[in-house]
Each structure stands twice: as C-alpha cells, then as structure tokens.
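Architecture at a glance
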Amino acid sequence: MPARRPKDAPGVIRLSEATGSSSRGWEDAVTAAVKASDVKTPVGVEVSRLWADWERGRLSRFHATVKVAYRQALKAPARSKA
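Just so it is clear, the structure is predicted and the values come from calculations on it, not from any experiment. (Residues numbered from 1 in each chain as written. Predicted model: local features only at pLDDT ≥ 70, side-chain atom pairs only at ≥ 80, totals over all residues. Heavy atoms only, no water.)

Let's talk about the packing of aromatic side chains
If you walk through the whole model with that rule in mind, you get one aromatic pair. Considering the side-chain rings of Trp26 and Phe62, the 4.8 Å spacing of their centres and the 80° angle between planes classify their relative orientation as edge-to-face. In this pair, Trp26 is assigned in helix α1 (residues 26-36) and Phe62 in strand β3 (residues 58-73), connecting sequence segments 36 residues apart. Take Trp26: its relative accessible area is 33%, and that puts it in the partly exposed class. The ring of Trp51 has Arg49 lying over it, and the distance from NZ or CZ to the ring centre is 4.1 Å. (Phe/Tyr/Trp six-rings, centres within 6.5 Å; stacked < 30°, edge-to-face > 60°. Helix = DSSP H or I, 4+ residues; strand = E, 2+ residues; numbered from the N terminus. Buried < 20%, exposed > 50% of the residue type's maximum accessible area, 1.4 Å probe, protein only. Lys NZ or Arg CZ within 6 Å of the ring centre and 35° of its normal.)

Notes on the nonpolar core
Counting nine residues, the largest nonpolar core is built from Ala29, Val30, Ala33, Val34, Val39, Phe62, Ala64, Val66 and Val68. If you list the elements that add at least two residues to this core, you get α1 and β3. (Core = buried A, V, L, I, M, F, W, Y, C linked by side-chain atoms within 4.5 Å.)

Remarks on the sheet that holds strand β2 (residues 42-55)
Spatially, the three strands line up as an open sheet ordered β1-β3-β2, and their pairing is antiparallel. Single-partner strands in this sheet number two, and they are β1 (11-22) and β2. Going across the sheet, the axis of each strand differs from the next one's by a mean of 15°, ignoring polarity. In this sheet, β3 lies alongside β2 in antiparallel orientation, the contact comprising twelve bridges. (Pairing = 2+ DSSP bridges. Axes fitted to C-alpha atoms, helices over the stretch in contact; angles between N-to-C directions.)

Section: the environment of Ala73
Along the chain, the position of Ala73 falls in strand β3. It is 6.4 Å that separates the C-alpha atoms of Ala73 and Val12, two residues lying 61 residues apart in sequence.

Any link to function would need more than the numbers given here.
Take a look at the structure:
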C-alpha cells in the first residue's frame, strides 16, 4: 500500500534556478546545485543543463543547472475593518 501524503495546504509552486558542480559525477553536481539554492524544503528538481570539463581525454568536472521547485503557502486576504 502506498504511503499516504498529508493534505497539502493551498499554495503555489515556485522555481528557483541554481548551478552546482562536482568532480564525482552528474548526480553529485545536481545535489550540489540543490544545496546551493535558497530553497529550504524542495519538492522537486528539473535539470535544465548538464555539461562537463574535458581534461586529458576524460571528463574531469561535472556541472548542472537546475530549477528547484518549492511550495509557497498562500496568505489569507487581509480583512478590512468596517
């Protein structure tokens, strides 16, 4: 049985773009980009661009540009005093 997801409060999904790099591989470059973003609680990642440095016949440094998705809660409308 799949895990239940709690009902999400109404909100908007926002995106923040970030770039990261790693000498270990693409996954580590994406992880570094997510950590470099200002997002505290990411809900998803879209990989926009991957590239690498080429040295002595092999890939030496991996880079990733990503869009990190996060949920921004909606604020209740302000009540006017009558």
